[in-house]
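Examining the three-dimensional arrangement
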Amino acid sequence: MIRIALAVLAALSIQPSLAETRLVHTQAEYENAVQTLAPGDTIMLANGEWRDFEILFTGKGASGNPITLTAQTKGEVLITGQSNLRLAGEHLVVSGLVFRDGHTPTNTVISFRRTRDDLAYHSRVTETVIDRFNNPERHETDFWVMMYGRNNRFDHNHLVGKSNAGVTMAVRLDSAESRQNHHRIDHNYFGPRPILGSNGGETLRIGTSAHSLADSHTVVENNVFDRCNGELEIISIKSGRNIIRGNLFLESRGTLTFRHGNGNIVEDNVFLGNGADHTGGIRVINFDQVVRNNYLSGLTGHRFGGALVVMNGVPNSPLNRYFRVDNALIENNSIINSDHIELAAGSDAERSATPINSVFRSNLIFNEVRRNIVTVHDDIGGIAFSGNALNAVGGSPLESGFINAGIKLRRAGNGLLYPADESLPKVGVSRNLEVLDRADTGVAWYPKPGPDNRFDTGKTVNIAPGLDSLTDAAAAAGAGDVISMAPGDYLVSKTIVVDRPLTVRAPEGSARIEFERTALFEIAEGGSLKLDGLTISGAAAPDVAGNSAIRTSRYSMLTNYLLVVENSHIEDLNTNHSFHFFTIAGHTFADNIQITDSSFHDITGNILALDEETEDLGIYNGEYISITGSRFQNIEGAIADIYRGGTDESTFGPHFELRSSALASVGQGSRNRSQASIRLHGVQDSDIVDNEFIDSQPVRVTHIVGDPVTVIAGNRFTGTPEPILLEFSPR
Ligand code: CA
């Protein structure tokens, strides 16, 4: 009896004690604690800032009894500086951390492996935030999340603002241990990713071309992709047997692309473009792909970025080109008020293999204005069309397999549009398709970003003329503030560094600014600038070459900036040669530069030069550049010199517009390297319409890659050569 009792006691004492929670306050305490973890144990990081912390989390938990790394209070543990997280082992869970105010010293912020051979399995990262945790050098490539191993889950995380090069998140299939991985990526908030201006801005990639014939079996479900605008691909599938379902794509430029790999399913997703530029849907390439029950609305994208794109392939394609579409099933999708469906897209001498053995049935294509949105680029005899509906479109290239008649739509309780006539054979998405709510993704304790309204959101500060009254007011201004200038003369003795959105405004022509440094304004990291009604003279600037009225930071900038100039008058930038209105540094990027109803005269340099990426790597310096209703006289340099070199097809821009403007004696300076009044090199979308050119250098346009659209119309050229258009074909 006693012996038995002792035996029981002994057994109890070697039983693992109840799962232990250890609160650690320093990196040394963490490193000690992580050595001795047993299934069920938890390490808790104390609230506060953990700076320069490369977290290595290893251990072997058990099924249903994981080892956990978490925050004392979720959201109150900040991982900053040069930090990252690697997890390796089994049944590990990480939660509640916030990565911000820093970047990873390695190539990854969160990696599901310790080394190439030590991976994570059955492990989970949840309720974790990565907020602008970017390498300060824009084109230094790194990644936020890399999934390796098998049976891992990444869920309820919040990833916002990756603005340096490199995919935000990738599933890697590099070794056999990472294939057939059955990972689950769900309920994450993939928030705004700004335009990168280069390849390498994807939000999620599954696989790589080298391993694309391997099956991944990754499920991507119930995530929000909100303004994921990095480049042409929002999600790039480069492996087989993945399922992408129930996600919401909100105003995201680009498409979900079946780039490589076979047998993927994309179903029950909702794409809402809301008319935003270059918003796209689904692009189909390869074998056995299923596109089912997706709702695609308000998508404006064209070419490879359309609402639905079925590509042509390359016969006997190498792994990194385009396999033909074979045995695709595209059914019960609703394509509503979108601008482009492209079939046999990309057809050319190389991509000559048309889609085969494919089915397109029971889809609803509805456009309010009954415009044909379908473009057929090659033979589509290999696609069988049946039971689809079109809204009384005249001249549709799709004749059989469609009801082509007036359709009325009615908005249902889920917010989506369905045919009002219930007797119509079932076309489009199912009635029970659910639209994911942003609030049901990510974490509740970290706010999701609102609309990007940068200007005129703060207070108005009134200033009087004098020495540095503008300088002082700008230094004190908050984000979105407006400096309102009283009439009179202003002198600025220091360059005004703009690192927040700022508006400077005066009644047109009443406030005149002179400046004594090599630049009046410098747009720095985080800055955007709007000038309205100002007169700016270079008369007081130093007598040196290369001044500018406005410049960007001299260094790489992560945050895309805006520059708006309205109703303003710029004169006498001529104290020496090469005095520019606006100059930039390499590795900076403008979302938008807009000059409206303004005048420029007697300037020895360029007005806008966005020509700093000359290595022909597909990198460029600005997305939208627009000049309207403005006058230019006696400008020795170019009005606009925009350069985007290289043959990469991953981006949409740059876009350029010159409209209703007058140019006299522009570009004739001996230092004008472009020998043009306007030089556009590799610009994708140009409108030069309704302008007058007098005694100026010609417009020079060089097409480099893609299907650039250049419209030059309604201009008058006097003493100015006709525009010179060069086609440069890479293949
Ligand atoms: Ca890409």
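1. Here's the deal with the overall build of the protein
- Counting its regular elements, the protein contains three helices and 73 strands.
- Taken over C-alpha atoms, the radius of gyration comes to 29 Å for the protein, in line with the 27 Å a tight globule of 731 residues would show.
- Along the first, second and third principal axes, the C-alpha set of the protein runs to 110 × 70 × 45 Å.
- Within the protein, the proportion of its 731 residues that are buried is 58%.
- Taking the contacts inside the protein whose residues are at least 6 apart along the sequence as the reference set, 74% of them involve residues at least 24 apart.
- One way to put it: in the protein the 62 positive side-chain charges average out to a point 6 Å from where the 86 negative ones average out.

2. Section: the environment of Gly64
- Inspection of the secondary structure assignment puts Gly64 in the loop between β4 (54-60) and β5 (67-71).
- The exposure class of Gly64 is exposed, given its relative accessible area of 76%.
- When the C-alpha atoms of Gly64 and Ile335 are compared, they prove to be 43 Å apart, with 271 residues separating the residues in sequence.

3. A word on the coordination of the calcium ion
- At this site the calcium ion is bound by Asn199 (OD1), Glu202 (OE), Glu231 (OE), Glu231 (OE) and Glu233 (OE), with donor distances of 2.4 to 3.1 Å.
- Spacing between the donor residues of the calcium ion along their common chain follows N-x2-E-x28-E-x1-E. There is no split in this pair, since Glu231 and Glu233 are both buried.

4. Some remarks on the layout of surface pockets
- A volume near 1400 Å³ is recorded for the largest pocket.
- Pro192, Pro194, Asp452, Arg454 and Asp591 are, among the 42 residues lining the largest pocket, the residues nearest its centre.
- At the level of elements, β9 (97-103), β17 (158-160), β59 (590-596) and β62 (622-628) are the ones that each hand at least two residues to the lining of the largest pocket.
- Counting residues per element, the lining of the largest pocket draws most heavily on β9, which supplies three residues.
- Residues of the lining of the largest pocket, tallied by class, amount to 14 nonpolar, 15 polar and 13 charged.

5. Focus on the packing of aromatic side chains
- Scanning all chains against the criterion turns up 17 aromatic pairs.
- Pairing Phe360 with Phe402 gives two aromatic rings, centres 6.3 Å apart and planes at 35 degrees, and the pair type is tilted. A residue pair is termed long-range when its members are at least 10 positions apart, and Phe360 in strand β37 (residues 358-361) and Phe402 in strand β42 (residues 402-405) qualify at 42 residues.
- Seen from their ring centres, Tyr561 and Phe582 are 6.1 Å apart, and the 70 degrees between their planes marks the pair as edge-to-face. Taken together, the residues span a long stretch of sequence, with Tyr561 in strand β56 (residues 561-566) and Phe582 in strand β58 (residues 580-583) at a distance of 21 residues. Considered together, Tyr561 and Phe582 belong to a single accessibility category, that of buried residues.
- Three or more aromatic residues joined by ring pairs make a cluster, and in this case those are Phe190, Phe225, Phe249 and Phe271.
- A cation sits over an aromatic face here: Lys448 above Tyr189, 5.3 Å from the ring centre.

6. Things to note about the sheet that holds strand β69 (residues 692-694)
- Taken together, 10 strands build an open sheet; the order of strands is β46-β48-β51-β54-β57-β60-β63-β66-β69-β72 and the sheet is parallel. Of all the strands in the sheet, the pair left with one neighbour each is β46 (466-467) and β72 (716-718).
- Sitting on the sheet, helix α3 (residues 469-476) is in contact with β46, β48 (488-492) and β51 (511-515), with an inclination near 65 degrees to β48.

7. Some points on the pattern of salt bridges
- One pass over the structure, following the stated rule, counts 40 salt bridges.
- Across the pair Arg100 and Asp101 runs a salt bridge, and its minimum N-O distance is 3.4 Å.
- According to the relative accessible area criterion, Asp101 is exposed, its value standing at 53%.
- Taking the shortest distance from any N to any O, the salt bridge between Asp131 and Arg132 comes out at 2.8 Å.
- On the accessibility criterion, Asp131 (8% relative accessible area) is buried.
- A single salt-bridge network, built from bridges that share partners, covers Arg124, Arg153, Asp155, Arg184, Asp186, Glu221 and Arg245.

8. Some points on the pairing of strand β67 (residues 678-681)
- Of the pairings in the sheet, the one linking strand β64 (residues 640-643) to β67 comprises four bridges and is parallel in character. Within the sheet, the bridge partner assigned to Ile642 lies in β67 and is Leu680.
- Relative to strand β70 (residues 699-703), β67 runs parallel, the two being bridged by four bridges. By the bridge assignment for β70, Leu680 is matched with Val701.

9. Let's talk about the pairing of strand β10 (residues 108-111)
- The pairing of strand β7 (residues 84-90) with β10 spans two bridges and is classified as parallel. Its bridge partner being in β10, Arg86 is matched across the sheet by Ser111.
- Pairing analysis gives three bridges linking β10 to strand β15 (residues 143-147), with the strands arranged parallel. Paired with Ile110 across the strands is Val145, a residue of β15.

The rules behind each value
Residues numbered from 1 in each chain as written. Predicted model: local features only at pLDDT ≥ 70, side-chain atom pairs only at ≥ 80, totals over all residues. Heavy atoms only, no water. Helix = DSSP H or I, 4+ residues; strand = E, 2+ residues; numbered from the N terminus. Rg over C-alpha atoms; globule rule 2.2 N^0.38 Å. Buried < 20%, exposed > 50% of the residue type's maximum accessible area, 1.4 Å probe, protein only. Contact = heavy atoms within 4.5 Å. Lys, Arg positive; Asp, Glu negative; His and termini not counted. Charge placed at Lys NZ, Arg CZ, Asp CG, Glu CD. Donors = N, O, S within 2.8 Å, 3.2 Å for Na, K, Ca; no water. 1 Å grid on protein atoms, 1.4 Å probe; cavity = no way out; pocket = protein on both sides within 12 Å on 5 of 7 lines; lining within 4 Å. Points joined across faces, edges and corners; volume = space filled by probe spheres on them. Nonpolar A, V, L, I, M, F, W, Y, C, P; charged D, E, K, R; others polar. Phe/Tyr/Trp six-rings, centres within 6.5 Å; stacked < 30°, edge-to-face > 60°. Lys NZ or Arg CZ within 6 Å of the ring centre and 35° of its normal. Pairing = 2+ DSSP bridges. Axes fitted to C-alpha atoms, helices over the stretch in contact; angles between N-to-C directions. Salt bridge = Lys/Arg side-chain N within 4 Å of Asp/Glu carboxyl O.

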